[in-house]
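# Examining the three-dimensional arrangement
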Amino acid sequence: MPRTARDVVFVDGVRTPFGKAGPKGLYAETRADDLVVRAIRELMRRNPSLPPERVDEVAIAATTQTGDQGLTIGRSAAVLAGLPKSVPGYAIDRMCAGALTAVTTSGAGISFGSYDVVIAGGVEHMGRHPMGEGVDPNPRFLADKLVDPSALVMGTTAENLHDRFPQITKERADAYAVRSQQKVAAAYAAGRIQPDLVPTAIRSAEKGWGLATEDEPPRPQTTMESLASLKTPFRVAGNVTAGNAAGLNDGATACLLAAEDVAAELGLTPKMRLVDFSFAGVEPEVMGIGPVPATERLLARNSLTMDDIGLIEINEAFAVQVLAFLEHFKIADDDARVNPWGGAIALGHPLASSGVRLMNQLARLFEERTDVRYGLTTMCVGMGMGGTVLWENVNWEGAK
């Protein structure tokens with residue numbers, strides 16, 4: 001029988017506070033799978049009208065699928081979280097866009113009618129599993145000149161992007177980074193970040209047991225002067241520093257997606273509606289430009305322009321990557337639509353988890369901004385890709 005596509009809604013999203021990777025970070029003694037289990041359990045606790053057996057799938061992303069991020073983490077996390085054994089799960093990898101892809105893939109399954117309710121998210125413990133751990137790149141990448149050697153080092157791809165856009169100077173990137181830190185500090189002061197954070201148990205040899213309740217990476221004291229003195233580790237006299245790029249981080253995210261009619265049946269209140277999504281490939285050595293073609297395709301397919309987009313949550317892997325996107329679409333560096341509550345330069349970027357962090361913030365913003373109909377979540381992806389998701393505000397005042 002032919003099937004009719006169903007509307008898919010984002011019901012709720014949560015995340016652990018993000019920590020700094022390394023032996024002194026928040027989660028140095030915490031397992032990666034326990035982080036995502038904590039997020040899944042919180043989703044279920046916050047949505048008591050959802051019977052656990054109604055969850056049809058658990059899709060969890062991790063870039064480095066080994067150790068405590070291995071063992072088909074979607075399924076193992078579902079079992080560890082106490083969901084019924086009848087609930088299946090799987091692991092997914094699209095590097096930085098892992099959680100974003102978990103949402104689009106499982107959301108497409110809802111639209112098609114294969115699922116009613118899914119949990120999607122991601123986890124990355126970069127302290128335990130550094131990016132590239134255990135990877136053995138095929139020598140033909142370089143021997144056959146399929147990619148430039150710089151494509152294998154993310155920081156160097158950001159330097160390459162500065163070369164492509166010489167008008168994006170280090171000072172301009174630093175200024176963007178300072179604004180990100182300031183916006184996160186303001187959002188924290190206003191209590192806007194905290195509602196989606198899951199208090200998470202931690203322990204260390206020095207302090208024993210504790211509770212993580214806020215993000216560790218933000219540096220609200222950041223100034224242009226402090227950034228100017230930082231080293232440029234990827235190129236002598238370069239532009240990319242630890243201050244205008246996201247750090248190495250640990251953390252997990254999870255969200256609840258459902259068919260809109262099923263959400264109504266179960267008494268679940270949606271925050272936004274999934275309209276469409278697009279992925280695109282670009283030259284791996286300038287992977288940061290990936291959001292541009294992905295967004296162009298998405299807007300064209302939906303007969304929209306950037307003027308129709310009221311909010312943009314773009315992952316801040318590097319300031320230059322965000323600025324290249326803004327430059328292309330003729331958007332000002334300080335446009336109020338872009339990351340109003342700050343981004344990954346301040347909050348952190350635990351690779352495969354970050355896509356749902358973007359969605360969480362967009363969903364919260366939609367609640368405040370009923371004048372906005374459409375928003376984007378978009379990010380660049382290692383090895384030369386970009387991904388963009390188009391969302392509609394279910395509380396848009398124009399629909400009333």
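For every chain, the first residue of the written sequence is number 1, and numbering continues from 1 along that sequence. Confidence filtering applies because this is a predicted model: local features only for residues at pLDDT of at least 70, side-chain atom pairs given and counted only at 80 or more, and all residues used for totals across whole chains, interfaces and linings. Only hydrogens and water are removed before side-chain values are computed, so all heavy atoms of the structure are retained for them.

Assigned secondary structure in the protein chain consists of 12 helices and 12 strands. In terms of overall dimensions, the protein chain is globule-like: its C-alpha atoms have a radius of gyration of 20 Å, near the 21 Å expected for 400 residues. Dimensions along the principal axes, computed over C-alpha positions, put the protein chain at roughly 60 × 55 × 50 Å. In this scheme, a residue with accessible area under 20% of its type's maximum is buried, one over 50% is exposed, and one in between is partly exposed, where area comes from a 1.4 Å probe on protein chains only. Residues classed as buried in the protein chain amount to 58% of the 400 residues present. Within the structure as shown, the protein chain displays about 15900 Å² of accessible surface, and the carbon and sulfur contribution to it stands at 53%. Only four residue types enter the charge count, namely Lys and Arg as positive and Asp and Glu as negative; His and the chain termini do not. For this purpose, a charge sits on NZ of Lys, CZ of Arg, CG of Asp or CD of Glu. Taken as two groups, the 39 positive and 48 negative side-chain charges of the protein chain have centres that lie 2 Å from each other. Secondary structure elements are taken from DSSP: a helix is a run of H or I of four residues or more, a strand is a run of E of two residues or more, and numbering for both begins at the N terminus. For this measure, only C-alpha atoms enter the radius of gyration; the expected value for a globule follows 2.2 Å times N^0.38, where N is the number of residues. For every accessible area listed, the method is Shrake-Rupley and the probe measures 1.4 Å; residues are considered covered only by the protein chains on display.

This part takes up the UniProt feature "domain: Thiolase C-terminal" (unreviewed entry) in the protein chain. Per the UniProt record, "domain: Thiolase C-terminal" (unreviewed entry) is found at residues 269-390. Secondary structure across residues 269-390 divides into 33% helix and 25% strand, with the first and last C-alpha atoms of the span separated by 19 Å. UniProt positions are given in the numbering used here, feature names are shortened, and annotations may be inferred rather than shown by experiment.

Moving on to the UniProt feature "domain: Thiolase N-terminal" (unreviewed entry) in the protein chain. The sites that UniProt annotates as "domain: Thiolase N-terminal" (unreviewed entry) are residues 8-261. Here residues 8-261 is 31% helix and 19% strand, with 9 Å between the C-alpha atoms at its ends.

Turning our attention to the packing of helix H9 (residues 291-301) against helix H10 (residues 319-328). Where H9 meets H10, the axes come as close as 9 Å, and the angle between the chain directions of the two elements is 40°. The orientation of H9 relative to H10 falls into the category oblique. Here the hand of the crossing between H9 and H10 comes out right-handed. Residues Pro291, Val292, Thr295 and Glu296 of H9 form the contact with H10, whose own contacting residues are Gln321, Phe325 and His328. Looking at the contact of H9 with H10 residue by residue, the classes come out as three nonpolar, three polar and one charged. Here, axes are lines fitted to C-alpha atoms. For helices the fit covers the stretch in contact, and angles between N-to-C directions go from 0 to 180 degrees. In this scheme, roughly parallel covers angles under 35 degrees and roughly antiparallel covers those over 145, while 65 to 115 is roughly perpendicular and the rest are oblique. In this scheme the crossing of two helices becomes right-handed for a clockwise turn of the near helix relative to the far one and left-handed for an anticlockwise turn of less than a right angle. Contacts are assigned to residue pairs that have any heavy atoms within 4.5 Å of one another. By the convention adopted, Pro, Cys, Tyr, Trp, Phe, Met, Ile, Leu, Val and Ala count as nonpolar, Lys, Arg, Asp and Glu as charged, and the other residues, Gly among them, as polar.

Looking now at H10. In terms of residue burial, H10 counts as a mostly covered element, since eight of its 10 residues are buried. Ala319, Val320, Gln321, Val322, Leu323, Ala324, Phe325 and Leu326 are the residues of H10 that are buried. Backbone geometry just downstream of H10 places Lys330 in the positive-phi region, at approximately 55°.

Moving on to the packing of aromatic side chains. For this analysis, a ring pair means two rings from Phe, Tyr or Trp (six-membered ring only for Trp) whose centres lie within 6.5 Å, classed as stacked if their planes differ by under 30 degrees, edge-to-face if by over 60, and tilted for the remaining angles. Inspection of the entire model under this criterion finds three aromatic pairs. Between the aromatic rings of Phe277 and Phe279, the centroid separation amounts to 6.2 Å while the plane-to-plane angle is 65°, which identifies the pairing as edge-to-face. Residue class for Phe277 comes out partly exposed when judged on its relative accessible area of 27%. Note on geometry: a ring has a charge over it if NZ (lysine) or CZ (arginine) is within 6 Å of the ring centre and within 35 degrees of the ring normal. The ring of Phe18 carries the charged tip of Arg15 above its face, separated from the ring centre by 4.4 Å. The ring centre of Phe279 lies 3.7 Å from the NZ or CZ of Arg94, which sits over that ring.

The biggest cluster of nonpolar side chains holds 84 residues, and the ones touching the most others in it are Ile40, Val58, Ile119, Val123, Met359 and Trp391. At eight residues, the largest contribution of residues to this core is made by helix H1 (residues 32-46). Judged by nonpolar contacts, the second largest core, of 41 residues, contains Ala173, Tyr176, Ile312 and Phe329. As used here, the term nonpolar core means buried Ala, Val, Leu, Ile, Met, Phe, Trp, Tyr and Cys residues forming a set that is joined through side-chain atoms within 4.5 Å.

What follows covers the side chain of Glu57. With respect to the helices and strands, the residue Glu57 is situated in strand E3 (residues 57-61). Buried charge without a partner: Glu57 forms no salt bridge, and the closest opposite charge is Arg75, 8.0 Å away. In terms of polar contacts, Glu57 uses its side chain to reach the backbone amide nitrogen of Gly89, at 3.2 Å. There is a polar contact of 2.9 Å between the side chain of Glu57 and the side chain of Tyr115. Setting aside chain neighbours within four positions, we find Glu57 in contact with Val87, Pro88, Gly89, Tyr90, Tyr115, Val117, Val118 and Ile119. Basic side-chain nitrogens of Lys or Arg form a salt bridge, by our definition, when they fall within 4 Å of a carboxyl oxygen of Asp or Glu. For the purposes of these results, a polar contact is taken to be a pair of N or O atoms within 3.5 Å, where, inside protein, one atom must be able to donate a hydrogen and its partner to accept one; residues adjacent in sequence count only when each atom of the pair is a side-chain atom.

What follows is about the pattern of salt bridges. Any two side chains of opposite charge can pair, so long as their charged atoms come close to each other. Tallying each qualifying case throughout the model produces 26 salt bridges. Note that Arg54 is salt-bridged to Asp116, the shortest N-O span being 3.7 Å. One end of the pair, Arg54, is in the loop between H1 and E3; the other, Asp116, is in the loop between helix H3 (98-112) and strand E5 (117-125), and 62 residues separate them in sequence. On the basis of relative accessibility, which here comes to 22%, the residue Arg54 falls in the partly exposed class.

It is at 5 Å that the axes of H3 and helix H12 (residues 354-368) come closest, and there the two elements cross at 70°. Classed by the angle they form, the pair H3 and H12 counts as roughly perpendicular. Residues Ala99, Leu100 and Val103 of H3 form the contact with H12, whose participating residues are Gly355, Val356 and Met359. Of the residues belonging to the contact of H3 with H12, the class tally is five nonpolar, one polar and no charged.

Because an α-helix completes one turn every 3.6 residues, residues spaced three or four positions apart along the sequence face the same direction. Of the residues making up helix H2 (residues 73-80), those classed as buried are Ile73, Gly74, Ser76, Ala77 and Ala78. Where H2 is buried, its residues touch H1, E3, strand E4 (89-92) and E5. Downstream of H2 by one or two residues, Gly82 has phi in the positive range, about 90°.

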